[in-house]
Amino acid sequence: MQFQKTFFGLLIFVALLMVGACKPKIIPCDDDNNCPDSKVCCAGECRKTCAATCGNGIIEADEACDMGESNSATKANVCRTDCTSPTCGDGVKDMDESCDGSVSISYGSCLNTCAVTCNTGYKKQGDYCVDDESVTTCKQDQFDLKTCVDNATCDDSSGIARCLCDDGYQNTGGVCAALPDECSSLSCAANQHCVVEAGVGSCICNSDYVLENSACVHTSTTCTENQLQCDTDANFDCAVVDGLAGCACVDGYTLNGESSRCELASVGDDDDDDDDDDDDDDDFQCVRD
């Protein structure tokens, strides 16, 4: 009996040794040429198939990118959670897009190319639509030269065609909304409208405007709360040049015109001109408005 137990124990031991000896050998590779005919090179190893694992930080198979835990479905300018590159139509506005998704564009709309188109009588300013002050009349030969939103009427008595909200309405930024009773005695400053909280009316900036130095200024002209989504990881940041905000290379980097990337400036690129020290615009190379 004891002999049988010992014999069967030896058989199990030999079987385990054979399994270990038959374990597939991992073959490192640089490309398919380093692998047997029945295998392909994946992530530096010869495998039967390339089964990509999105999110592991390794670009495999048909993945366009993979930033591991940094993949995001909502953050701009990063690899998406399905390991596809950020692109127009994914619902996230990236640096090279004027708009994306269902975001509302005041006095305009977002095209399927992720570019902004403006209503008649308005012009593009950065990623926004603003009054086209070159339009001096509301109509010409029965054709509207200025398209107004609901509850607004075109007025050109000032020499510039503008859409003014009808009585009882206020401009909230692209919309003429009903004026609350609590706001009837309140006069808001330019580019502001009245809101009611806890039964009390107060003035806030219109849509597409932000508060800067006690005034509401258009978002396209400032980096305060800007929506440009500049790719800071690629050394871009917001800069105001000629009165318009845009994404630009940060100080110490210059824009490569062919690749549209910010590259570390070489020592030879610095002319050490003291006259330029006070000119902040010289620190940036604008990419887009």
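All values derive from a computational prediction rather than experimental measurement.

A.B. asks: Honestly, the packing of aromatic side chains in this entry has me stumped. Any pointers?
C.D. replies: Each aromatic ring pair is described using two quantities: the centre-to-centre distance and the angle formed by the ring planes. In this structure the tally under the stated criterion is 1 aromatic pair. Taking the centre distance of 4.6 Å and the plane angle of 10 degrees together, the rings of Y107 and Y122 count as stacked. Note that Y107 is positioned in the loop between β2 (45-47) and β3 (108-110) and Y122 in strand β5 (residues 122-125), a separation of 15 residues in sequence. The buried category is assigned to Y107, whose relative accessible area is 18%.

A.B. asks: Please explain the state of the cysteines as it appears in this structure.
C.D. replies: Joining two cysteines, a disulfide is a covalent bond between their sulfur atoms. This model, assessed by the stated rule, comprises 16 disulfides. The disulfide that involves C35 links it to C46, with 2.1 Å between the sulfurs. Note on the C35 and C46 pair: the S-S dihedral is about -90 degrees, so by sign convention the disulfide is left-handed. Here C35, found in the loop between α1 (2-21) and β1 (40-42), pairs with C46, found in strand β2; they are 11 residues apart in sequence, far enough to count as distant. Here the two residues C35 and C46 agree in accessibility, since each one is buried.

A.B. asks: Please clarify how the pattern of salt bridges should be interpreted in this entry.
C.D. replies: Side-chain pairs of opposite charge can arise where the charged atoms are in close proximity. Overall, the coordinates contain 9 salt bridges when judged by the stated rule. Among the salt bridges present, the one from K146 reaches D131, with a minimum N-O distance of 2.5 Å. One end of the pair, K146, is in the loop between β8 (143-144) and β9 (152-155); the other, D131, is in strand β6 (residues 128-131), with 15 residues separating them in the sequence. A residue is classified by how much of its surface remains accessible, and K146, at 3% relative accessible area, is buried. By relative accessible area, D131 is classed as partly exposed at 26%.

A.B. asks: What's the story with unusual backbone geometry in this structure? I'm lost.
C.D. replies: Leaving glycine out, the prevailing phi sign among residues is negative, and the prevailing peptide bond configuration is trans. In this structure, N77 is a non-glycine residue whose phi angle is positive, near 65 degrees. Considering the arrangement of structural elements, one finds N77 in the loop between β2 and β3. Even without a glycine there, the phi angle at N213 is positive, about 55 degrees. Mapped onto the fold, N213 is located in the loop between β15 (209-212) and β16 (215-218). Given the relative accessible area of 75%, N213 is considered exposed.

A.B. asks: Is there a simple way to think about the side chain of T172 in this case?
C.D. replies: Assignment of secondary structure puts T172 in the loop between β11 (169-171) and β12 (176-178). Residue T172 is classed as buried on the basis of its relative accessible area of 16%. Setting aside its immediate chain neighbours within four residues, T172 contacts A177, H193, N206 and S207.

A.B. asks: Please clarify how the side chain of R80 should be interpreted in this entry.
C.D. replies: In this structure, R80 sits in the loop between β2 and β3. Among the polar contacts listed, one links the side chain of R80 to the backbone oxygen of S72, at a separation of 3.2 Å. Among the polar contacts listed, one links the side chain of R80 to the side chain of D90, at a separation of 2.8 Å. Those residues in contact with R80, other than ones at most four positions away along the chain, are C65, N71, S72, A73, K75, S85, P86, D90, V92 and D94.

Criteria and thresholds
- Residue numbers restart at each chain and count upward from 1, following the sequence in its written direction.
- Residue-level local features of this predicted model are given only where pLDDT is at least 70; pairs of side-chain atoms are given and counted only at 80 or more, and the full residue set underlies all totals for whole chains, interfaces and linings.
- The basis for the side-chain values is all heavy atoms of the structure; hydrogens and waters are excluded.
- Between the rings of Phe, Tyr and Trp (Trp by its six-membered ring), a pair exists once the centres lie within 6.5 Å; its type follows the angle of the planes, with under 30 degrees stacked, over 60 edge-to-face, and the other angles tilted.
- Only runs of H or I of at least four residues qualify as helices and only runs of E of at least two qualify as strands under DSSP, and these elements are numbered from the N terminus.
- In this scheme, a residue with accessible area under 20% of its type's maximum is buried, one over 50% is exposed, and one in between is partly exposed, where area comes from a 1.4 Å probe on protein chains only.
- In this description, a disulfide is simply a cysteine sulfur pair whose atoms lie within 2.5 Å.
- Any Lys or Arg side-chain nitrogen found within 4 Å of a carboxyl oxygen on Asp or Glu counts as a salt bridge.
- Residue contacts are defined here by distance: any two heavy atoms, one from each residue, within 4.5 Å place the two residues in contact.
- Polar contact is the term for a pair of N or O atoms within 3.5 Å; when the atoms are in protein, one must be able to donate a hydrogen and the other to accept it, and sequence-neighboring residues count only if both atoms are side-chain atoms.

So, to be careful, I would describe these as geometric facts and stop short of saying anything about function.
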